[in-house]
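Secondary and tertiary structure notes
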Amino acid sequence: MHIIIILFFLSLLGIIVMIGKKIVLLRNNKLTTENNFSIQIPNLQEIGHLTVKNSRKYGYILLVKSVRSYVLSVNFLKNKYLEIKKSTKKYIPNKKLKSIEKKDSKFLKVISDYKHKIKRIKDKIEEEEGIQQNNKLE
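Here the structure is a predicted model, which is why all the values come from computation and not from measurement.

**Details of helix α1 (residues 2–27)**
Between its first and last C-alpha atoms α1 spans 37 Å; for 26 residues at 1.5 Å apiece the expected length is 38 Å, and the two agree. Just downstream of α1, Asn29 is the residue with a positive phi angle, here 60 degrees.

**What about the packing of aromatic side chains?**
Applying the stated criterion across every chain, the model contains one aromatic pair. Ring geometry for Phe8 and Phe9: centres 5.3 Å apart, planes at 65 degrees, overall edge-to-face.

**Concerning a negative patch on the surface**
A grouping of Asp123, Glu126, Glu127, Glu128 and Glu129 is seen on the molecular surface, where their side chains present a negatively charged patch. Looking at the secondary structure, you find Glu129 in helix α3 (residues 94–137).

**Section: a nonpolar patch on the surface**
On the surface, a cluster of nonpolar side chains totalling about 660 Å² of accessible area is made up of Met1, Ile5, Phe8, Phe9, Leu12 and Ile16. By the element assignment, Ile5 lies in helix α1. Since its relative accessible area comes to 39%, Ile5 is described here as partly exposed.

**Details of the confidence of the model for the chain**
Summarising the model, the chain shows a mean pLDDT of 81, and 79% of its residues fall at 70 or more. Mean pLDDT per element in the chain: α3 is the minimum at 73, and α1 is the maximum at 90.

Reading guide: rules and limits
Residues numbered from 1 in each chain as written. Predicted model: local features only at pLDDT ≥ 70, side-chain atom pairs only at ≥ 80, totals over all residues. Heavy atoms only, no water. Helix = DSSP H or I, 4+ residues; strand = E, 2+ residues; numbered from the N terminus. Expected span 1.5 Å × (residues − 1). Phe/Tyr/Trp six-rings, centres within 6.5 Å; stacked < 30°, edge-to-face > 60°. Patch = residues over 30% accessible without salt bridge, like charges linked within 9 Å, V, L, I, M, F, W, Y side chains within 5 Å. Areas by Shrake-Rupley, 256 points an atom, 1.4 Å probe, with all protein chains shown as cover. Salt bridge = Lys/Arg side-chain N within 4 Å of Asp/Glu carboxyl O. Lys, Arg positive; Asp, Glu negative; His and termini not counted. Charge placed at Lys NZ, Arg CZ, Asp CG, Glu CD. Buried < 20%, exposed > 50% of the residue type's maximum accessible area, 1.4 Å probe, protein only. pLDDT = per-residue confidence, 0-100.

Take a look at the structure:
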């Protein structure tokens with residue numbers, strides 16, 4: 001809060017000094033009231049050229065910064081995920097992990113048994129049809 005007040009009074013003092021210089025010049029008749037601009041306005045084509053040039057430059061910088069921040073954030077999240085995964089494995093007993101794996105393997109075993117049974121039934125049907133077709137041919 002104190003910094004804001006100090007800056008306000010410094011800017012106010014600067015304005016007073018600028019106005020005071022103008023008043024002194026007016027009293028000495030060294031300043032005329034004509035519009036003499038000391039600032040030169042550049043050509044509109046130059047302004048357009050500089051705008052395009054700077055926008056491209058800053059666009060490329062913005063693109064590089066955004067891609068870099070994306071890669072860094074993805075790597076950071078990946079590392080944190082792996083750390084959390086390692087730390088949670090300490091708290092999960094191995095028995096639970098084995099039981100989960102057994103459930104998965106039981107499921108796969110049931111599916112493979114089902115496939116084998118279907119294959120046997122298909123083979124039996126093909127054998128019976130093969131025998132029946134051979135009898136018909138004879």
